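Here is what each chain is made of, one letter per residue.
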Amino acid sequence: MKYDIVLAGVGGQGILTIAYLLDNLAVRKGLRIKQSEVHGMAQRGGAVYSHMRISDDVIISDLIPDGAADMILSVEPLEVQRYLHLLGPRGVVVSSNQPFINITDYPPEEQVLEALLRLSNALLINAKKIAAASKSPRSQNVAMVGAATPFLPFEAADFVPIIEELFASKGEAVVNSNIQVLENASSIGSFYKELLDGGVANDLAYTLVERIQVGSFAPELADDYAKALAAKPTECKKAISSLDEDVPQERALLDMLKSA
Amino acid sequence: MDKRELLLGDEAVALAALHAGISGAYAYPGTPSTELFEFIERKQEEYGVHALWSANEKVAYEEALGMSYAGKRVIVSMKHVGLNVAADPFMNSGVTGVNGGMVVCVADDPGMHSSQNEQDSRFFAKFCLIPCLEPATQQEAYDMTHRAFELSERFGLPIMLRLVTRLAHSRSDVATLTGRSQNPINKVPRGGQFTLLPSNARVQYERLTRVQTELQAESEKSPCNELVLGSGKSSLGVITSGIAHNYFMEAVGGEPPMPYLQVGQYPIPAAKVRDLVDSVDEILVIEEGYPLIEEALGGLVGVSGKKVRGKLDGSLPRTGELDPAIVAKVMGRQTEQVWKRTIEPLPGRPPALCPGCPHTDTFKALNEAVAGYEQPTITSDIGCYTLGFYPPLNAIETCVDMGASISMASGAAHAGLWPVLCALGDSTFAHSGMTGLLGAAREDVDMTVMILDNGTVAMTGTQKTLATGEELERIVTGLGVDPGHLRVITPLSRHHDENVAIIKEEIEHRGLSVIIARRACIQIKKR
Ligand SMILES: Cc1ncc(C[n+]2csc(CCOP(=O)(O)OP(=O)(O)O)c2C)c(N)n1
Ligand code: SF4
């Protein structure tokens, strides 16, 4: 087993916390890791990244070669672009859809998101909404780890003891809300992944995922959703767009799409 | 081997130093070396070691030398350019030698992630005639640190341990040993060893040159220098060093089909190099930093009948750092870029001052104060405030080496430029600004020095600064600055007009003025 991840974001967004969660879980599982990161100058609001390599065998290079990464996990949608050359043929992108605009030439927001939706392998995750749903706005990075779990060689539940350790000093409430953020994000990631695997176009999958209430995701229904969306993509998109608030993922939603 | 720990390269060295029984650690912060000292600082009580930041690298080096003089083991760490500052004691400590084991860990920054240059510290080790160890992995960083202390006490010399950014700041699991206790006090007996009067220095230097054959022999048999000749004939042989070895191994899938030599201990193991050269027609040298091995190998006239490839013949880039893609390419195994950007051109995201940073308000006031002058000169220095170079502030015009802002401003004023101002941080001032200001005060140079006192060493991660607040004011007047021309301002937008007026007044004072712009870095406030 070998899994290479490029973590991406902007200085101050907490990608080192993501690295901490992954590093410690990997070690706890008896795996080897190498994780290279950027300190110093770049941490002042500049582009930051970390190469994280997990394996059950010896890892040679601290840096991931071009075209070899299994995942780009980004807390910022534009930053994904900076590292696409590292992504392997079957690699995936899991990115937050929340732009961090601290430069004057930041492209229009929609263009940044559309550019990712054009990639067949990119999950665009509303980390802000997921974190807010657990009243834990600072946990967007934890949400991103959660959304990535369906692709990782780990289960969401594996992270629980690491989160408990990391946030222990902040009290039980903080620990619990972070666990909830991670679990919610994980089921969103699973559901989204199943839709893409089922052949649903990314912009349609994203539109649907964005409209479903955090906490109500039922990944086991993904198959049925994928079929419904694939059958009538245009009609479904229209139906989803006509919803004026987030809805729970229930039979009713599936029936609505089927009859769109 | 009793335990596995997850450690940065810097931390692996730090933990090994603690396990090797150091009694003290000395350092001045500097990326990518900072985390080494910080690790020891966090564990100082547990291990009973002395660990306080020093004023600069020269001071740190001398403090370390003093601890070694007493017979104790000690580590001193710094970034590559820090060794320039410590070069005087460093070069002379080769001559004096050391008593308790002393390791100098220098972290180079190829690619200049956070530095003014990418100088290669291995040249300094060679210059000083001392051994240098260069690990490729976190495990080697740990193991070689133990080895360095042992070598240091065996040969009575300081030993350099060279890291580079990608190892210093990369984390991996490391198997560790149980610790050894600290050395007892065992001072150098009185005599000439540490008193480098010419008569003593000649004796000591003679000793240093004599020990070179032993150091060479030590390199030849060192397990850190691994020669693998293999069985079959090969036209190509490879020499790697440090972290470049990993990129080489990655490129060949962990099983090199050609003979190779991995260098991890200097002086370069000449006999092993010769064995490799004899068995191939062409030698490729892959090393991170300057082409030190390549130059030594090719010399002035090359190796007769053999081709030497590397950074000098353009096979590898001369500047910047190596990476797996560059090394794969030179090995003829192109890596593949599969995915293309879907946004072109991609805007850069350079580092910037934090929103609400006190330096921004200082520079805004400074910019307005000098706006009316035809040719203002604003020298500066190294720290977060150097980011004031970028638009929209465009506030400063120089950054050379720590403390240079004051001395360069003096020289510019001597030359006849006016008005001349300079801007530097409180830690930079304590590091190397004070001596420049002392000189400027003696001749009342017509310039305005702005010390940006944010109460911390911000750029490297908010370490403790040695001169801030009222203490800083006392230092400034103590150096001879007229208290009437020492002004303190609070860089906040609501004080903007007042601050502009003060800066203008001091520019118009035709002599030396110091303005301290005092407001805490928001990153320390956050904690
Ligand atoms: C000789 C040397 N040592 C260390 C460094 C690393 N370094 C860069 S800026 C800086 C400190 C700056 O602190 P300060 O002057 O207080 O400015 P601030 O970042 O707080 O604004 C250090 C230690 C360096 N570039 N050169
Ligand atoms: S860390 Fe402090 S000094 Fe540096 S840019 Fe941020 S606020 Fe300014």
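Residues numbered from 1 in each chain as written. Chains lettered and ligands numbered in written order. Predicted model: local features only at pLDDT ≥ 70, side-chain atom pairs only at ≥ 80, totals over all residues. Heavy atoms only, no water.

### Things to note about the overall build of chain A
Then, in step 1: Each helix and strand in chain A was counted, giving 10 helices and six strands.
Then, in step 2: Rg of the C-alpha trace for chain A: 18 Å, near the compact-globule value of 18 Å for 260 residues, within the 12% margin.
Then, in step 3: Considered along the principal axes of its C-alpha atoms, chain A spans approximately 55 × 40 × 40 Å.
Then, in step 4: Looking at chain A as a whole, 60% of its 260 residues are labelled buried. (Helix = DSSP H or I, 4+ residues; strand = E, 2+ residues; numbered from the N terminus. Rg over C-alpha atoms; globule rule 2.2 N^0.38 Å. Buried < 20%, exposed > 50% of the residue type's maximum accessible area, 1.4 Å probe, protein only.)

### Comments concerning empty space enclosed by the protein
Then, in step 1: Within the structure shown, the criterion is met by five cavities of 30 Å³ or more.
Then, in step 2: In this structure, the largest cavity occupies an estimated 80 Å³ of space.
Then, in step 3: Along the walls of the largest cavity sit Arg44(A), Leu353(B), Cys354(B), Cys357(B), Pro358(B), His359(B), Cys384(B), Asn454(B), Ala458(B), Cys521(B), Ile522(B) and Gln523(B), which together make up its complete lining.
Then, in step 4: If you list the elements that add at least two residues to the lining of the largest cavity, you get helix 16 (358-370) and helix 21 (522-526) of chain B.
Then, in step 5: Broken down by class, the residue content of the lining of the largest cavity amounts to eight nonpolar, three polar and one charged. (1 Å grid on protein atoms, 1.4 Å probe; cavity = no way out; pocket = protein on both sides within 12 Å on 5 of 7 lines; lining within 4 Å. Points joined across faces, edges and corners; volume = space filled by probe spheres on them. Nonpolar A, V, L, I, M, F, W, Y, C, P; charged D, E, K, R; others polar.)

### Let's talk about the interface of chain B and chain A
By convention, interface size is frequently given as the accessible area that disappears when the constituent parts associate.
Then, in step 1: Taken together, the contact between chain B and chain A spans 47 residues of the former and 53 residues of the latter.
Then, in step 2: Where chain B touches chain A, the interface holds six salt bridges.
Then, in step 3: One salt bridge connects Glu76(A) with Arg349(B), and the closest N-O pair in it is separated by 3.3 Å.
Then, in step 4: Viewed at the interface, chain A and chain B are joined by 26 residue pairs in polar contact (both at pLDDT 80 or more).
Then, in step 5: Looking at the side of chain B that touches chain A, its residues break down into 21 nonpolar, 15 polar and 11 charged. (Contact = heavy atoms within 4.5 Å. Salt bridge = Lys/Arg side-chain N within 4 Å of Asp/Glu carboxyl O. Polar contact = N/O pair within 3.5 Å; in protein donor to acceptor, adjacent residues only side chain to side chain.)

### Looking at the sheet that holds strand 6 (residues 132-133) of chain B
Pairing between the strands of a sheet is mediated by backbone hydrogen bonds and can be parallel or antiparallel.
All names here are of chain B.
Then, in step 1: Reading across the sheet, the seven strands line up as 3-2-4-5-7-6-12 and stay open at both edges, with mixed pairing between neighbours. With partners counted over all chains shown, the strands left at the sheet margins are strand 3 (50-51) and strand 12 (265-266), one partner each.
Then, in step 2: Taken strand by strand, helix 2 (residues 34-42) contacts strand 2 (22-27), strand 3, strand 4 (73-79) and strand 5 (102-108), and its axis lies near 135 degrees from that of strand 2. (Pairing = 2+ DSSP bridges. Axes fitted to C-alpha atoms, helices over the stretch in contact; angles between N-to-C directions.)

### Comments concerning the environment of Lys238(A)
Residue and element names in this part refer to chain A.
Then, in step 1: Structurally, the position occupied by Lys238 is in helix 9 (residues 233-242).
Then, in step 2: Among the residues examined, Lys238 registers a relative accessible area of 67% and is labelled exposed.
Then, in step 3: When the C-alpha positions of Lys238 and Lys128 are compared, they lie 25 Å apart, and in sequence the two are 110 residues distant.

### Some points on the site of ligand 1
Residue and element names in this part refer to chain B.
Then, in step 1: The full set close to ligand 1 counts 26 residues, and Glu57, His359, Cys384, Thr428 and Asn454 are the nearest of them.
Then, in step 2: If ligand 1 stood free it would expose 590 Å²; the protein chains cover 98% of that surface.
Then, in step 3: Placement of ligand 1 is best described as lying within the second largest pocket.
Then, in step 4: Sorting the residues of the shell around ligand 1 by element identifies helix 5 (80-85) and helix 18 (426-442) as the ones contributing at least two each.
Then, in step 5: Considering each element in turn, the shell around ligand 1 owes the most residues, four residues, to helix 18.
Then, in step 6: In terms of residue class, the shell around ligand 1 is made up of 11 nonpolar, 12 polar and three charged. (Near = heavy atom within 4 Å. Areas by Shrake-Rupley, 256 points an atom, 1.4 Å probe, with all protein chains shown as cover. Sits in = over half its atoms within 2 Å of the grid points.)

### Side note on the domain arrangement of chain B
Then, in step 1: Assigned domains of chain B: these are domain 1 (4-210), domain 2 (226-338) and domain 3 (358-526).
Then, in step 2: Here domain 2 of chain B and domain 3 of chain B have C-alpha centroids that lie 48 Å from each other. (Domains from an automatic or database assignment.)

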